[in-house]
Amino acid sequence: MQRNISEELYSEAKNYFPGGVSSPVRAFKSVKGTPLFIKKGNGSQIWDEDDNQFTDFCCSWGPLILGHNNDAIREVIVETVANGTSFGTPTRWENKLGALLLKNNRFIEKLRFVSSGTEAVMSAIRLARGVTGKDKIVKFDGCYHGHADSLLVNAGSGLATFGVSSSAGIPASFANETLVLPLDDLEAVETTFKAHGNSIACVIIEAVPANNGLLLQRPEYLQGLRDLCTQYDVLLIFDEVISGFRVGFEGAAGYYNIQPDIMTYGKIIGGGMPVGAYGASAEIMGHVTPDGNVYQAGTLSGNPVAMAAGFTAASQLLEDGFYEKLEATTQDFVAKIQSYCDNKGYEININTIGSIFWISFTKDEIRRADQIDGASMDKFKILHAYLLDNGIYLGPSGYEVGFISAAHTPSELAAAVEKICAGMDLVHA
């Protein structure tokens, strides 16, 4: 498979952008070769600038749950753009999407639209600090919450430690306000609350951690977090940027029936357009300006194009049986690959929830980041390169999850299963 044009474009791009990309993982540093430059997508398929065709399991990192170039979303975007792209004012579409989301989500009463998941999380953290009057936050090793300063923090040494900046440019004082704990360890949380509870504003967690593998958590662990936060008067934030609208319309909160204090959402609510949101009870959201004193603003927040696309996308997600059908499709897809690997005796386990899946090269159950064997990523490199040569596109990192969309047809999935199984044979040759 020739990729000459993509290679030429990447060589040119390195003159313009750090690493030749506008987001680091796109640089293909974790896999072999150079990035593909994609020129179009339709349904489950994408085409690169060399006219190579791929069945896409990245789905723009999750948001395209309806597939590429969805007819209804495309049409409403074109209609809306005909009237302008942004006004910096309220619009009818903002009301329509807000009403639709709140009507169908038991866990939030008001929300605020922003332009990205990172912005949503950053705003949620500020809100939690403003509501509680406390400064420190607790996050978990293996959960990613965007690139806000206080959240780009790795675990330090010891069970419950102050975090260490994982990026240059972050003052140590910022990192010192973040406590990093291991997942799946309620004792560590309680120990931390006992030591620092009077200064902890919130706990933030991906209820379905899906940025560093798919680290599925036990429901009793998540409920235990809820109970401890209530006991120690700490707000609980569910980061639903990936899980929101992927595991169900109410996200992980609905999937596990656990009430967080604040929830954050990402681009999936914009039908692929740049958008995010954070929401909570009316009381908590009453602290946000202009009603309260927690400042947050955005010129493009709630812009009509993203709102129209989001309303049209969300309306399709609410169709009867949408999530049940998509989860069944995903389970069938995963089961066929898992069965093949089991019959061959391959050390493979495919975690899955909703329409998300992740291939790990071990039979061990993985719930924490430190349980992932970094050496296994060499196996993923072999698999990724083989699949790319055979028309299957996965995210270019073994730590990234895959996604099924409603646009993936049975025949496309069957063909992908065959190719993935053949790739497993190559990995284990």
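Procedures and definitions
- Residues numbered from 1 in each chain as written.
- Predicted model: local features only at pLDDT ≥ 70, side-chain atom pairs only at ≥ 80, totals over all residues.
- Heavy atoms only, no water.
- Helix = DSSP H or I, 4+ residues; strand = E, 2+ residues; numbered from the N terminus.
- Polar contact = N/O pair within 3.5 Å; in protein donor to acceptor, adjacent residues only side chain to side chain.
- Contact = heavy atoms within 4.5 Å.
- Pairing = 2+ DSSP bridges.
- Salt bridge = Lys/Arg side-chain N within 4 Å of Asp/Glu carboxyl O.
- Buried < 20%, exposed > 50% of the residue type's maximum accessible area, 1.4 Å probe, protein only.

(A) Looking closely at the side chain of H68. Here H68 is to be found in the loop between strand 3 (53–56) and helix 2 (71–81). A distance of 2.7 Å separates the side chain of H68 from the side chain of D56, its partner in a polar contact. Here H68 is in contact with G41, N42, G43, Q45, I46 and D56, once residues within four sequence places are set aside.

(B) Quick peek at the sheet that holds strand 15 (residues 356–360). Spatially, the three strands line up as an open sheet ordered 14-15-17, and their pairing is antiparallel. Of all the strands in the sheet, just strand 14 (349–353) and strand 17 (402–403) have a single pairing partner and so form its edges. Here strand 15 runs beside strand 17; their pairing, made up of two bridges, is antiparallel. Within strand 17, the residue paired with F357 across the bridge is G402.

(C) Quick look at the pattern of salt bridges. Scanning all chains against the criterion turns up 13 salt bridges. Between D51 and K39 there is a salt bridge, with its nearest N and O atoms 2.5 Å apart. Residue D51 is located in the loop between strand 2 (45–48) and strand 3, and its partner K39 is located in strand 1 (residues 38–42); the two are separated by 12 residues in the primary sequence. Its salt-bridge partner being K136, residue E177 comes within 3.4 Å of it at the nearest N-O pair. With E177 in the loop between helix 5 (172–175) and strand 9 (178–181) and K136 in strand 5 (residues 136–140), the pair connects residues that are 41 residues apart, well separated along the chain. On the basis of relative accessible area, K136 is assigned to the buried category, the value being 15%. Salt bridges sharing partners connect three or more residues here, namely D184, R218 and E220.

(D) Up close: the sheet that holds strand 1. In space, the four strands of this open sheet follow the order 1-2-3-16, with mixed pairing throughout. One side of each edge strand has no neighbouring strand; the edge strands of this open sheet are strand 1 and strand 16 (392–393). Summarising the sheet, strand 1 and strand 2 pair through four bridges and their orientation is antiparallel. Counterpart to N42 in the pairing with strand 2 is Q45.

(E) Representation of the side chain of S301. Tracing the chain through its elements places S301 in the loop between helix 9 (282–285) and helix 10 (304–317). A polar atom in the side chain of S301 sits 3.4 Å from the backbone oxygen of F113. Not counting chain neighbours up to four residues away, the residues in contact with S301 comprise F113, V114, S115, E119 and Q296.

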